[in-house]
Amino acid sequence: MARRLVEAGHQVKVWRRGLGPVSAAVADADIVITMLRDGPAVEEVLTQALPGLREGATVVEMSTIGPEAVLSLRELLPSSVNLVDAPVLGSVGPAADGTLTVLAGGDLSACRPVLSVFGTVRALGPLGAGAAMKVAVMGALVPAQVLLAETFAYGEAHGVGRQALAEVLAETPLGALAARVAEPARETRYALGLAAKDVRLGAWEGTTMARAAGARLAAAEAAGYADRDVTSIATFVGAAPPSGDAGGRAVRVNPGSVAATNGMYSHAVRVGDMLYVSGQAAFDERGQLVGEGDMTTQAEVIFQNIGKILADQGADFSDIAFIRTYMTDLDMRMEYGAVRRKYLTGTPPASTTVEVSKLFMPGLLLEVDLIVALP
């Protein structure tokens with residue numbers, strides 16, 4: 001997408017983590033485009049960008065984060081900065097060819113020519129409309145691929161070859177999608193982990209198929225499929241007996257939005273509608289300790305990471321049922337409490353706070369674990 005903008009004659013600056021402060025990257029830009037993993041990542045990056053955003057700039061949010069997160073960004077950004085939500089339909093090929101479908105919400109007057117470089121722009125209404133449309137579409141396409149994966153697994157278990165079944169399905173409205181799932185892509189065009197995140201965004205209370213598909217995808221994530229193409233769900237499902245419980249009842253959760261563990265534990269484990277979150281400490285996205293000796297900084301980093309883990313499972317801080325805090329010095333509880341109250345608003349969850357002589361790494365002042373009731 002960046003290359004297409006350059007080819008169209010636009011002056012483009014690209015930023016990702018590790019390339020210096022984002023506030024410097026966005027300075028003097030007329031249009032700032034964000035394309036990140038999830039809502040917490042977008043909020044984090046735009047918060048850091050605020051000092052560099054000029055008055056009159058337009059932020060075009062093109063990630064898949066849902067309408068609620070888009071409206072939260074509107075509250076974050078100053079009124080002098082315009083915000084447009086414009087997620088896309090299409091993956092690597094359409095992005096390179098300029099044939100994406102851009103689902104846009106908000107005032108497009110300042111950015112429509114730029115968005116047109118990417119493909120067909122569909123103006124859908126007020127801010128948040130594009131994000132809602134994207135979630136709605138993926139709420140149909142992703143569970144359909146999981147359903148087809150299960151269909152192929154059933155067929156193969158009963159002597160029906162995958163190719164033969166795909167040929168029959170080709171004569172139905174599911175034909176094109178069935179052809180893709182029948183031959184899982186070797187190149188990752190749409191990562192399974194992102195598909196799992198997207199379908200969770202659309203799993204509103206009372207929905208059934210999206211939740212079931214999300215559980216199946218989460219099991220595949222835990223089995224190491226997160227970075228493979230979503231069509232690899234057919235490989236994952238096909239490897240398990242059709243009557244079995246693929247992935248088991250305890251599903252390991254290790255979101256790509258937080259630093260990887262050391263391999264001795266998972267960030268969280270989901271069992272049914274409960275999420276058990278391992279002790280979180282103040283590590284940045286590279287796994288480096290942040291804020292040595294500074295309780296306020298460490299608490300902020302921990303709660304930001306907790307927010308990313310919760311968002312990955314379609315939850316937020318209001319879903320926390322129990323929180324346990326380990327501190328090396330209870331005399332710092334006031335600093336910790338001030339940060340905690342920013343994230344745990346309203347009636348607090350059940351809670352335990354204890355003082356310990358030391359934590360697992362020198363310099364750590366704080367560790368927090370949780371039990372969460374998933375929505």
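Residues numbered from 1 in each chain as written. Predicted model: local features only at pLDDT ≥ 70, side-chain atom pairs only at ≥ 80, totals over all residues. Heavy atoms only, no water.

Student: Hey, could you run me through the sheet that holds strand 2 (residues 58-61) in this one?
Tutor: Hydrogen bonds between backbone groups are what pair the strands of a sheet, and the pairing can be parallel or antiparallel. Taking strand neighbours across the sheet as the criterion, the three strands line up as 1-2-3 in an open arrangement whose pairing is parallel. Across the chains shown, the open sheet's two edge strands, defined by having one partner strand only, are strand 1 (31-34) and strand 3 (82-85). Each neighbouring strand pair of the sheet contributes to a mean axis angle of 20 degrees, computed without reference to strand direction. (Pairing = 2+ DSSP bridges. Helix = DSSP H or I, 4+ residues; strand = E, 2+ residues; numbered from the N terminus. Axes fitted to C-alpha atoms, helices over the stretch in contact; angles between N-to-C directions.)

Student: Any chance you could explain the environment of Gly-193 here in plain terms?
Tutor: Residue placement: Gly-193 occurs in helix 10 (residues 192-201). The exposure class of Gly-193 is buried, given its relative accessible area of 2%. Residues Gly-193 and Ala-212 lie 19 residues apart in sequence; the distance between their C-alpha atoms is 15 Å. In this structure, Gly-193 is in contact with Arg-37, Glu-221 and Ala-226, ignoring residues within four places of it in sequence. (Buried < 20%, exposed > 50% of the residue type's maximum accessible area, 1.4 Å probe, protein only. Contact = heavy atoms within 4.5 Å.)

Student: Sorry, what's going on with the nonpolar core here?
Tutor: One recurring pattern in soluble globular proteins is that nonpolar side chains are buried together. Within the largest apolar cluster, 32 residues are counted, with the highest numbers of intra-cluster contacts made by Val-142, Leu-148, Phe-152, Leu-217, Ile-233 and Phe-236. Broken down by secondary-structure element, the contributors of at least two residues to this core are helix 7 (129-157), helix 8 (162-169), helix 9 (175-182), helix 10, helix 11 (209-225) and helix 12 (233-238). Broken down by element, this core gets its largest block of residues, eight residues, from helix 7. With sequence-adjacent residues up to four places away left out, Val-142 is seen in contact with Tyr-190, Ala-195, Val-199 and Leu-217. (Core = buried A, V, L, I, M, F, W, Y, C linked by side-chain atoms within 4.5 Å.)

Student: Explain unusual backbone geometry here, please?
Tutor: A negative phi angle is the norm for most residues apart from glycine, just as the trans form is the norm for most peptide bonds. Backbone geometry at Asp-28 places phi at a positive 70 degrees, although glycine is not the residue there. In this structure, Asp-28 sits in the loop between helix 2 (22-26) and strand 1. What makes Asp-28 exposed here is its relative accessible area of 66%.

Student: Explain the environment of Val-181 to me, please; I cannot follow it from the model alone.
Tutor: Locating Val-181 in the fold gives a position in helix 9. Considered as a pair, Val-181 and Leu-147 are 34 residues apart in the sequence and their alpha carbons are 9.9 Å apart. Discounting residues that sit within four places of it in the chain, Val-181 has contacts with Gln-145, Leu-148, Ala-149, Phe-152, Arg-162, Thr-231 and Ala-234.

Student: Honestly, the UniProt feature "domain: 6-phosphogluconate dehydrogenase NADP-binding" (unreviewed entry) in the protein chain in this entry has me stumped. Any pointers?
Tutor: Look at the UniProt record and you will see "domain: 6-phosphogluconate dehydrogenase NADP-binding" (unreviewed entry) annotated at residues 19-120. Segment residues 19-120 splits into 36% helix and 21% strand. End C-alpha atoms: 31 Å apart. (UniProt positions renumbered as here; feature names shortened; annotations may be inferred.)

Student: Help me out: how do you make sense of the packing of aromatic side chains in this one?
Tutor: If you walk through the whole model with that rule in mind, you get six aromatic pairs. An angle of 15 degrees between the planes, with centres 5.3 Å apart, marks the rings of Phe-303 and Tyr-343 as stacked. Taken together, the residues span a long stretch of sequence, with Phe-303 in helix 13 (residues 295-312) and Tyr-343 in helix 14 (residues 333-343) at a distance of 40 residues. Tyr-343 shares its class with Phe-303; the two are buried. Joined through ring pairs, the aromatic side chains of Phe-303, Phe-317, Tyr-336 and Tyr-343 make up one cluster. (Phe/Tyr/Trp six-rings, centres within 6.5 Å; stacked < 30°, edge-to-face > 60°.)

Student: Would you explain a nonpolar patch on the surface in this entry?
Tutor: Nonpolar side chains collect at one region of the surface, where Val-6, Val-12 and Val-14 lie side by side and expose about 240 Å² of accessible area between them. Relative to the helices and strands, Val-12 resides in the loop between helix 1 (2-7) and helix 2. (Patch = residues over 30% accessible without salt bridge, like charges linked within 9 Å, V, L, I, M, F, W, Y side chains within 5 Å. Areas by Shrake-Rupley, 256 points an atom, 1.4 Å probe, with all protein chains shown as cover. Salt bridge = Lys/Arg side-chain N within 4 Å of Asp/Glu carboxyl O.)

Student: Where do I start with the pairing of strand 12 (residues 366-373) in this structure?
Tutor: Successive residues of a regular strand alternate their side chains across the two faces of the sheet. Summarising burial for strand 12: six of the eight residues are buried, a large majority. Note that strand 10 (residues 320-327) and strand 12 share seven bridges and pair antiparallel. Looking at strand 12, one finds that Met-327 is bridged to Leu-366.

Student: What exactly am I supposed to notice about the pairing of strand 1 here?
Tutor: Residues Val-32 and Thr-34 line the buried face of strand 1, whereas the alternating positions Ile-31 and Ile-33 sit on a face that is not buried. Relative to strand 2, strand 1 runs parallel, the two being bridged by four bridges. Paired with Thr-34 across the strands is Glu-61, a residue of strand 2. Remark: the strand 1/helix 3 (residues 39-49)/strand 2 crossover connection has right-handed handedness. (Right-handed = clockwise from strand over helix to strand, strands pointing away.)

Student: Any chance you could explain the side chain of Thr-34 here in plain terms?
Tutor: Within the element layout of this structure, Thr-34 appears in strand 1. We classify Thr-34 as buried; its relative accessible area is 5%. Looking at Thr-34, its side chain comes within polar contact range of the side chain of Glu-61, at 2.6 Å. In this structure Thr-34 touches Val-42, Leu-46, Val-60, Glu-61, Met-62 and Ser-63, once residues within four positions along its chain are discounted. (Polar contact = N/O pair within 3.5 Å; in protein donor to acceptor, adjacent residues only side chain to side chain.)

Student: Which parts of the structure should I look at to understand helix 10?
Tutor: Working note: α-helix, 3.6 residues per turn, so residues spaced by three or four point in the same direction. Burial runs high along helix 10: eight of the 10 residues are buried. Those residues of helix 10 not exposed but buried are Leu-192, Gly-193, Ala-195, Ala-196, Lys-197, Asp-198, Val-199 and Arg-200. Those residues of helix 10 that are buried lie in contact with helix 7, helix 11, helix 12 and helix 13.

Student: Even after reading the chapter, I still don't get the domain arrangement of the protein chain, so can you show me in this structure?
Tutor: By a frequent convention, interface size equals the accessible area lost on bringing the separate parts together. You can read the domains of the protein chain as domain 1 (1-127), domain 2 (134-239) and domain 3 (251-373). Between domain 2 and domain 3, roughly 460 Å² of surface is buried when both sides are summed, and carbon and sulfur atoms account for 49% of that area. When the buried surface of domain 2 facing domain 3 is broken down by residue, Arg-200, Ala-218 and Ala-222 rank first, second and third, together holding 72% of it. Inspection of the domain 2/domain 3 interface yields one salt bridge. Among the salt bridges present, the one from Asp-312 reaches Arg-200, with a minimum N-O distance of 3.2 Å. On the surface where domain 2 and domain 3 come into contact, there are one residue pair in polar contact (both at pLDDT 80 or more). The element contributing the most residues to the side of domain 2 that touches domain 3 is helix 11, with four residues. Here the residues of the side of domain 2 that touches domain 3 are counted per class, giving four nonpolar, no polar and one charged. (Domains from an automatic or database assignment. Buried area = accessible area lost by both parts, 1.4 Å probe. Nonpolar A, V, L, I, M, F, W, Y, C, P; charged D, E, K, R; others polar.)

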